[in-house]
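# Report on the structure
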Amino acid sequence: MNDDLKRLIANLPPERKAELASVLAPPAEPIAVIGMSCRFPGGANSPEEFWQMLTEGRDTVTEVPADRWSIDDYFDADPATPGKMSTRWGAFLDEVDQFDASFFGISPREASRMDPQQRLLLEVCWEALENAGQSEKNLSGTTTGVFGGICATDYWFLQAGDVRQFDGYAGLGGCHSIAVGRLSYLLDLRGSSVAIDTACSSSLVAVHLACQSLLSRECNMAVAGGVNLMVAPHATVFLSKWGMMAPDGRCKTFDSKANGIVRGEGCGFVVLKRLSDAQADGDPILALIRGSATSQDGRGTRLSAPNGRAQQAVVRRALDVAGVPADQISFVETHGTGTPIGDPIEIEALTEIIGQPRANGLQCALGSVKTNMGHLEAAAGVAGLIKAVLCLQHGTIPQHLHLEALNPSISLDQTPFFVPQEATPWPAGYERRFAGVSSFGLSGTNAHAVLEAAPPVGPSPLATARDQAYILPISARSKAALAALAERYCQHLGAASNAAAVGDICYTASVRRSHHPHRLAVVGRTTAELGERLADLSTDQRRGRGANHSPRLAFIFSGQGSQWVGMGQDLLAQEPVFCDVMTQCDTLLRQYAGWSLLDELQADEATSRLADTEVAQPAIFAVQLALLELYASWGIHPDIVLGHSAGEIAAAYAAGVFSLDDALKIVFHRARLMQRATGQGRMAAVGLSAEEAVAAIAGYEDRLAVAAVNGPTSTVLSGEPSALAEVLAQLQASNVFARDLGVNYAFHSPQVEPILGELLDALSGLQPRPATRSMVSSVTGAMVSGEELDAAHWGRNMRQPVRFADAIDRLIEDDCHLFLEVGPHPVLGTPISQCLQTRQSEAAVLATMRRGPASRDALLRSVSALYANGRDVNFSGLYATRGQCVDLPAYPWQHRRFWIQNNDTNTACPPET
């Protein structure tokens, strides 16, 4: 800037200096609207329902309902009559006495003392944050600001009428500052928390202040809007005395018959972020706020009269901040109250700033949502903002109601303005869609915002995924709410209009939503499949398990026998973490083996050697370790570990006792030596207790052994084939379950004794470390510290019986409620369940993989079961690429009635009957 220009600016009046500075300054970064929610009259309890109401051209004004006050007691056509109102009309919400207090941890006593505006604000803000994909966990501790417009004090009047009811909860419940502060407190938000009262412009001023806070980086996200309820007659009486009310209860904005306002109530909030942050975080972007401004009327004809010059100033300032030329505005959601004086002043101000004739006859639509639902006062501005966002999204301007003939003081000639008499496509000819939103306060504080349509969004990376399974988690804070939410999801998934990719739906539900104690989850590849599986759940299942948060989880590593040809191939192809671990194991195993682990896993039936012990045990071990790390990447970690026979090596690694290299060394030498026993023995499962099994092989002790005690009546015998056949025949003759396992080796029997010395030599340098995670040994059935797992221990592991039942009993004593079998295929579920049943312990028994081409689906089902049982899951780890945040069903509030007891039924909702 040169010196002459500086001197010129220095000599300007202060207001012109500010205007010129804004012109010369570069436009501020746009603010993204990333979420919104509302409760408006006429059952418009969501943006979608609000849009439906607008496009249907509905007028939601009704007579004052009996649950507010007796209109016959308060109405008088003469506005001068003391204590009376000159209208019978208004636009009202349903059930304002209802609230889900338990969701927010608020006691019934406190809830009944809270201004219902506070209660409404909490629920609508939660819905807006849900809509924005902001989870409670990720919000906690952030510099998120809350800016709420609120000015009505009706509930305070009701409680103040009886000082005996006026306790501490009533004081907090009636404070406007607490209305916004309570949300910050409940969600642990650390940004500015401000209640704004500029009368009718409160909520749009709140949006402006939120934008300023974001641009100054005082906060990184903001929730802004307003709330207004009419639960007492006082304010309507007051406004009647000023002659402001339309006697016929119709808001006739711009019409020649405009004769006053119609009061309305509602609540609306938007969630805001700087555009760059919203894009970096993958947030949904509904629209952009390019700029906003406020002004004050100053001294005019009277305090409550509108000031055209101040309105011009605020529109001009907002355009300058936005960097948007006035002739590019193609829709204005006006303040438009429907008063014979205010409407012409507003049109004159708009004409001066953006209403000059445009090239090529381009048009600009004017509208006022007040014609649909009256003047929402502290919530009026955000109602107009939400309407403008919806218009930008849909490319349509809804019908403007109650306009038959223009106010004779208004002329739209020689302007681009028109007022749509029916739903109209967005004015054509503009390269970009810009809209203005105005809100003017009774106190003289004005606000204007300039909006733009959201930037185009490319296809979701998950939309191109084909034939991939996903987890759909659903949660709530009560059983009834979970059942209701499940029903909403069934409807949502079954809707023909639902075009969102299944991956994006599951991504949003898992990564971008809060997770509550009552849970369920289903796995599927399509929205139809997810919907069908959700619908197939019984009523009890839809109400969830109600599990305690994070019950103790045991990982059970299976031994030999769980392997199958092709195991892990789909995980190698689809899960990078699994593939990386398998590759690492393959590299390290090559130090000892003359074969490739990866080659063996990808071999077919004809060439596979997984039936050989020397290949099977290292392969199972590697799969188990890869599963362990894959679960860890999903935030799932065991509290305690246990391994069955060879599975104890993986358990020791999971407990931190050995490095990967040492663990592979143990499993390689154990498998190599036990391969020598192949072809010399047999094994069989029998339905006997440990004591009964010992008695059954009496006389065969040098040829047979009890190899494993898996459950109360589940035992494995092992040894010479002929001796085993004799014992099995005797048992079968006595009607005892006895089944040959079809293997040609005899583990944990005298046949392995010749190789014990060689195993001890091979592992002589082993140096186990103290366990960093609790571990129970299947050799002893007891807890181990880790340092005793030396070479001698692994000799006992190979020779002695597997005391699996004792080990499971120890886990039950340790208060484990989740048992996850980690291995290629479940083989231990039945004995674990038998142990649990004997000990009368209620616990879930789960498996990881299962034999077959879709083992990954089984893996996801285990994750969904863990989630449903109360374990937290890092769902973002399940997505290699981030999906798009899409619209999902809102939380189903479980409302109860909360209201003060007041004998004056003319001034409060009457007691419930």
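Along each chain, the written sequence defines residue order, and numbers are assigned to residues from 1. Local features are withheld for residues below a pLDDT of 70 in this predicted model, meaning they are given only at 70 or higher, and side-chain atom pairs are given and counted only at 80 or more; totals for whole chains, interfaces and linings count all residues. Each side-chain value is worked out from all heavy atoms of the structure, with water and hydrogens disregarded.

## Examining helix α11 (residues 202-215)
- Strands here mean DSSP runs of E at least two residues long; helices mean DSSP runs of H or I at least four residues long; both are numbered from the N terminus. Multiplying 1.5 Å by the helix residue count minus one yields the expected span of that helix. The end-to-end C-alpha distance of α11 is 20 Å, a good match for the 20 Å that 14 residues give at a rise of 1.5 Å each.
- Per-residue accessibility, obtained with a 1.4 Å probe over protein chains only, is compared with the maximum for each type, and a residue is labelled buried under 20%, exposed over 50%, and partly exposed between these values. The buried fraction of α11 is high, at 11 of 14 residues.
- One or two residues past the end of α11 sits arginine 217, with phi positive at roughly 65°.

## What about the sheet that holds strand β19 (residues 552-557)?
- In space, the 6 strands of this open sheet follow the order β26-β25-β20-β19-β27-β28, with mixed pairing throughout. Bordering the open sheet on either side are β26 (783-784) and β28 (844-847), each of which pairs with just one other strand.
- A pair of strands is considered paired only if DSSP assigns at least 2 bridges between the two. Relative to β28, strand β27 (residues 816-822) runs parallel, the two sharing 4 bridges. Its bridge partner being in β28, leucine 820 is matched across the sheet by leucine 846.

## Looking at the environment of glutamate 532
- Along the chain, glutamate 532 turns up in helix α20 (residues 527-536).
- Distance from glutamate 532 to valine 706, taken between C-alpha atoms, is 47 Å for residues 174 residues apart in sequence.

## Some remarks on the packing of aromatic side chains
- Whether two aromatic rings pair depends on their centres lying within 6.5 Å, for rings of Phe, Tyr and Trp, where Trp uses its six-membered ring; planes under 30 degrees apart make the pair stacked, over 60 edge-to-face, and the rest tilted. The tally for this structure, following the rule as stated, stands at 21 aromatic pairs.
- Measuring from centroid to centroid gives 5.4 Å for tyrosine 867 and phenylalanine 875, while their planes differ by 70°, and the two rings are edge-to-face.
- On the accessibility criterion, tyrosine 867 (1% relative accessible area) is buried.
- Joined through ring pairs, the aromatic side chains of Phe99, Phe103, Phe104, Trp126, Tyr891, Trp893 and Phe898 make up one cluster.
- In this structure, arginine 250 is placed above the aromatic ring of tryptophan 89, and the distance from its NZ or CZ to the ring centre is 5.3 Å.
- Placement of a charge over a ring requires the Lys NZ or Arg CZ to be within 6 Å of the ring centre, with the centre-to-atom vector within 35 degrees of the ring normal. Residue placement shows arginine 477 over the ring face of phenylalanine 103; its charged tip is 4.0 Å from the ring centre.

## Comments concerning helix α15 (residues 342-354)
- With 13 residues, α15 should reach 18 Å at 1.5 Å per residue; the first-to-last C-alpha distance of 18 Å fits that figure.
- In terms of burial, α15 is largely enclosed, as 10 of its 13 residues are buried.
- When α15 is considered as a whole, its buried residues turn out to be Gly342, Asp343, Pro344, Glu346, Ile347, Ala349, Leu350, Thr351, Ile353 and Ile354.
- Contacts between residues were defined by any pair of non-hydrogen atoms, one from each residue, lying within 4.5 Å. Lining the buried residues of α15 we find α14 (308-322), β10 (329-333), β11 (364-367), β13 (417-418) and β15 (434-440).

## Remarks on the pairing of β11
- Burial along β11 is two-sided: the face carrying Cys364 and Leu366 and the face carrying Ala365 and Gly367 are both buried.
- Orient the strands so they point away from the viewer; a crossover is then right-handed if the path from the first strand over the helix to the second runs clockwise. You can see the chain leave β10, run along α15 and come back into β11, and the turn it takes is right-handed.

## Thoughts on the confidence of the model for the protein chain
- pLDDT expresses how confident the predictor is about each individual residue, on a scale running from 0 to 100. Considering every residue of the protein chain, the mean pLDDT works out to 93; 95% of them sit at 70 or more.
- The low-confidence segment residues 903-908, where pLDDT is below 50, has 20 contacts with residues more than four positions distant or belonging to other chains.

## Concerning the sheet that holds strand β23 (residues 714-719)
- Pairing in this open sheet of 4 strands is antiparallel, and the strands run β22-β23-β21-β24 from one edge to the other. With partners counted over all chains shown, the strands left at the sheet margins are β22 (704-711) and β24 (738-740), one partner each. The sheet shows a mean angle of 25° between the axes of neighbouring strands, taken without regard to direction. The axes are straight lines fitted to the C-alpha atoms, using for helices just the contacting stretch, and the angles between their N-to-C directions are given from 0 to 180°.

## Remarks on the side chain of glutamine 159
- Here glutamine 159 is to be found in helix α8 (residues 154-160).
- Judged by its relative accessible area of 2%, glutamine 159 is buried.
- Not counting the four nearest positions on each side in its chain, glutamine 159 is found in contact with Arg113, Phe166, Ala170 and Ile900.

## Side note on the packing of helix α25 (residues 613-633) against helix α34 (residues 855-868)
- It is at 12 Å that the axes of α25 and α34 come closest, and there the two elements cross at 45°. The angle between α25 and α34 falls in the class oblique. The element α25 and its partner α34 pack so that their crossing is right-handed. Contacts between α25 and α34 involve Leu627, Leu630 and Tyr631 on the former and, on the latter, Leu859, Ser862, Val863 and Leu866. Throughout, the term roughly parallel applies to angles under 35 degrees, roughly antiparallel to angles over 145, roughly perpendicular to angles from 65 to 115, and oblique to all others. Should the near helix be turned counterclockwise from the far one by less than a right angle, the crossing is left-handed, whereas a clockwise turn marks it as right-handed.

## As for empty space enclosed by the protein
- With a 1 Å grid spanning the protein atoms alone, the term cavity applies to any set of points in which a 1.4 Å probe fits but cannot get out, the term pocket to an open set with protein on both sides within 12 Å along at least five of seven lines, and the term lining residue to any residue with an atom within 4 Å of a point. Grid points are joined across faces, edges and corners, and a volume is the space filled by probe spheres set on the points. Taken as a whole, this structure holds 6 cavities of 30 Å³ or more when the rule is applied.
- Each pocket or cavity is described by its volume, and for the largest cavity that value is around 100 Å³.
- Lining the largest cavity we find 13 residues, and of these Ser475, Leu485, Tyr489, Arg513 and Ser514 sit closest to its centre.
- When residues of the lining of the largest cavity are traced back to their parent elements, those giving at least two are β17 (470-476) and α18 (479-494).
- When residues of the lining of the largest cavity are assigned to their parent elements, the largest contribution, 3 residues, is made by β17.
- Note on residue classes: Ala, Val, Leu, Ile, Met, Phe, Trp, Tyr, Cys and Pro are nonpolar, Asp, Glu, Lys and Arg are charged, and everything else, Gly too, is polar. Looking at the lining of the largest cavity, its residues break down into 7 nonpolar, 4 polar and 2 charged.

## Points about the layout of surface pockets
- In this model, the largest pocket occupies a volume close to 1,200 Å³.
- The wall of the largest pocket is formed by 38 residues, among which Pro284, Leu286, Cys885, Val886 and Asp887 lie closest to the centre.
- For the lining of the largest pocket, the secondary-structure elements that each account for two or more residues are α3 (47-55), α13 (275-280) and α17 (380-394).

## Section: the pattern of salt bridges
- Any carboxyl oxygen of Asp or Glu within 4 Å of a side-chain nitrogen of Lys or Arg constitutes a salt bridge here. Per the counting criterion, the structure on display carries 43 salt bridges.
- One salt bridge in this structure joins aspartate 72 and arginine 88, with 2.8 Å as the shortest N-O distance. You can see aspartate 72 sitting in helix α4 (residues 71-74) and its partner arginine 88 sitting in the loop between α4 and β3 (89-90), a full 16 residues away along the chain.
- Between aspartate 281 and lysine 273 there is a salt bridge whose closest N-O contact spans 2.7 Å.
- Beyond isolated ion pairs, a larger network of salt bridges with shared partners links Lys273, Asp281, Asp283 and Arg512.

## Description of unusual backbone geometry
- Within the chain, aspartate 188 stands out as a residue other than glycine whose phi angle is a positive 60°.
- Within the secondary structure, aspartate 188 sits in the loop between α10 (176-187) and β6 (193-196).
- By relative accessible area, which is 25% here, aspartate 188 ends up partly exposed.
- With phi around 55°, serine 645 is a residue other than glycine that occupies positive phi space.
- Take serine 645: it is sitting in the loop between β20 (640-643) and α26 (647-654).
- Accessibility expressed as a relative area gives 9% for serine 645, which makes it buried.

## Quick word on a nonpolar patch on the surface
- Here a patch means residues that are over 30% exposed by relative accessible area and free of salt bridges, tied together within 9 Å if like-charged and within 5 Å if nonpolar (Val, Leu, Ile, Met, Phe, Trp, Tyr). Computed with a 1.4 Å probe, the accessible areas rest on the Shrake-Rupley method; for each residue, only the protein chains presented here act as cover. On the surface, Trp156, Phe157, Val163 and Phe166 cluster together into a nonpolar patch covering about 370 Å² of accessible area.
- As for its position among the elements, tryptophan 156 is in helix α8.

## Looking at the state of the cysteines
- Two cysteine sulfur atoms make up a disulfide if the distance between them is within 2.5 Å. Throughout the structure, instances matching the rule amount to 0 disulfides.
- Free of any disulfide, cysteine 816 has its nearest cysteine sulfur in cysteine 835, 13 Å distant.
- What makes cysteine 816 buried here is its relative accessible area of 1%.

## Things to note about the pairing of β22
- Within β22, 8 of the 8 residues are buried, which leaves the element mostly enclosed by the surrounding structure.
- Note that β22 and β23 share 6 bridges and pair antiparallel. In the sheet register, glycine 711 faces β23, and the bridge partner there is serine 714.
- Connecting β22 to the next strand, β23, in antiparallel fashion are 2 residues.

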